[in-house]
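Coordinates in review
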Amino acid sequence: MEQRQAIGAAALAALLTVARCKGAPTAKALAAIRGVRDHLLQIDCDLEALAPISPDQLAERVQAVTADPQWRERILRGMTLVALLDGAPSPAQQQLLEQAAAALAVDPAPVRTFGQVMEQRLAMVRLDIARRGFIASAARATLEQEGLRGALGVARVLLRQEDTAMAERYRALRHYPAGSFGLAYAAFIDRNGFGFPGELGGPPPPVMHHDCCHVLGGYGTTAAEEGAVLGFQAGFERVDPFYVLMFGLAEFELGIGTTPFIPGERDALDVERLFAGMAHGAQVSVDLIAAIDPWDHFADPLELVRQRFNVLPRGRQPEWPASITR
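Okay, so let's go over this structure. (Residues numbered from 1 in each chain as written. Predicted model: local features only at pLDDT ≥ 70, side-chain atom pairs only at ≥ 80, totals over all residues. Heavy atoms only, no water.)

**Considering the pattern of salt bridges**
For clarity, the cut-off: We define a salt bridge as a side-chain nitrogen of Lys or Arg found within 4 Å of a carboxyl oxygen belonging to Asp or Glu. Burial classes: relative accessible area under 20% of the type maximum marks a residue as buried, over 50% as exposed, and values in between as partly exposed (1.4 Å probe, protein chains only).
Summed over the entire model, instances satisfying the criterion amount to 16 salt bridges. Asp-270 is the salt-bridge partner of Arg-273, the closest N and O atoms lying 3.3 Å from each other. Classification of Arg-273 as buried rests on a relative accessible area of 8%. Its relative accessible area of 24% is what places Asp-270 among the partly exposed residues. Of the charged contacts, one joins Arg-316 and Glu-319 as a salt bridge, the two residues approaching to 3.3 Å between their closest N and O atoms.

**Some details on the packing of helix 5 (residues 91-104) against helix 6 (residues 109-118)**
Short version of the rule: An axis is simply a line fitted to the C-alpha atoms; with a helix, the fit covers only the stretch in contact. Between two such axes, the angle follows the N-to-C directions and lies from 0 to 180 degrees. Numbering of helices and strands runs from the N terminus; a helix is a DSSP stretch of H or I covering at least four residues, while a strand is a stretch of E covering at least two. These descriptions rest on fixed angle ranges, namely under 35 degrees for roughly parallel, over 145 for roughly antiparallel, 65 to 115 for roughly perpendicular, and the rest for oblique. The contact criterion used is simple: two residues touch if any of their non-hydrogen atoms lie within 4.5 Å. Note that Gly is not counted as nonpolar here; it falls among the polar residues with everything else outside the nonpolar set of Ala, Val, Leu, Ile, Met, Phe, Trp, Tyr, Cys and Pro and the charged set of Asp, Glu, Lys and Arg.
Following both chains from N to C, one finds helix 5 and helix 6 inclined at 170°, their axes separated by 10 Å at the closest point. In terms of orientation, helix 5 and helix 6 fall into the roughly antiparallel class. Contacts between helix 5 and helix 6 involve Pro-91, Gln-93, Gln-94, Leu-97, Glu-98 and Ala-101 from the former and Val-111, Phe-114, Gly-115 and Met-118 from the latter. When the residues that make up the contact of helix 5 with helix 6 are grouped by side-chain class, the tally is 6 nonpolar, 3 polar and 1 charged.

**A short note on helix 9 (residues 164-171)**
Counted only if it meets this: What the arc covers is the set of directions going from the helix axis to the C-beta atoms.
Those residues of helix 9 lying buried are Met-166, Ala-167 and Tyr-170. The buried residues of helix 9 all sit within an arc of 100° when viewed along its axis, so they share a single face.

Have a look at this one:
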């Protein structure tokens, strides 16, 4: 606990320092810093008492406690996320982030993405998110689990073609036993007016893995809930959590549409909910995107599947867009 307190205080000072680059931090940047403190670090720390910290001071304080590079990587990613939540990205923030990456001696990939957002090189932002985030992980899982059938399913979606056999397989989930995971997934699709994979206009099969996270974790589909479920995924996935969260920022905060299925929105994230989702996901015992095939569990009771993977109660009810609330 002393180690977490010492590193946490240095990390929070660094988050505040980047948020103050342009003056007073925005309310959303401060909410993100509080979210890191309360949900991820879980330490008692008065933010107002923290003095600014230079990159060299930050590296020195962290190195004095632990040589584990994971802490340094997390701090740089946290600083970058806070900067992206602090209004329009600025050259001063980028310079500070570059200095922090060098002092901490960690991969500066998040800083490059920050620069791409600042310079409006949006195609590169989308590419980084696709390569490094959950989309690629879900696609690999689909190909490993379904082989040629999964690859053809993705191809048909891209070609706007129906896959009748695939669609019928998913529609059959509507007739699974009451209380089963499979029936809950089908109900989630129907409640939101989504299509099943294989249906004309439906999503590619990898999206099913993300939708199953909604069902297992108890997350709705408002913009704030989509951000929360991405936080949930970032907590358990074995990919860079920055790019999982970056998907949420791009879609629901920065207005950068990264998928043809969801239009980009601005200022719609609830960052406290996002970091609460990360803490929720960190308790899950397996990567629900890449390490399980939902079809192996659809026939089982939903509550049993949650217990199987240590998906604990979230502590709040899912929320739905007004147009589908019932």
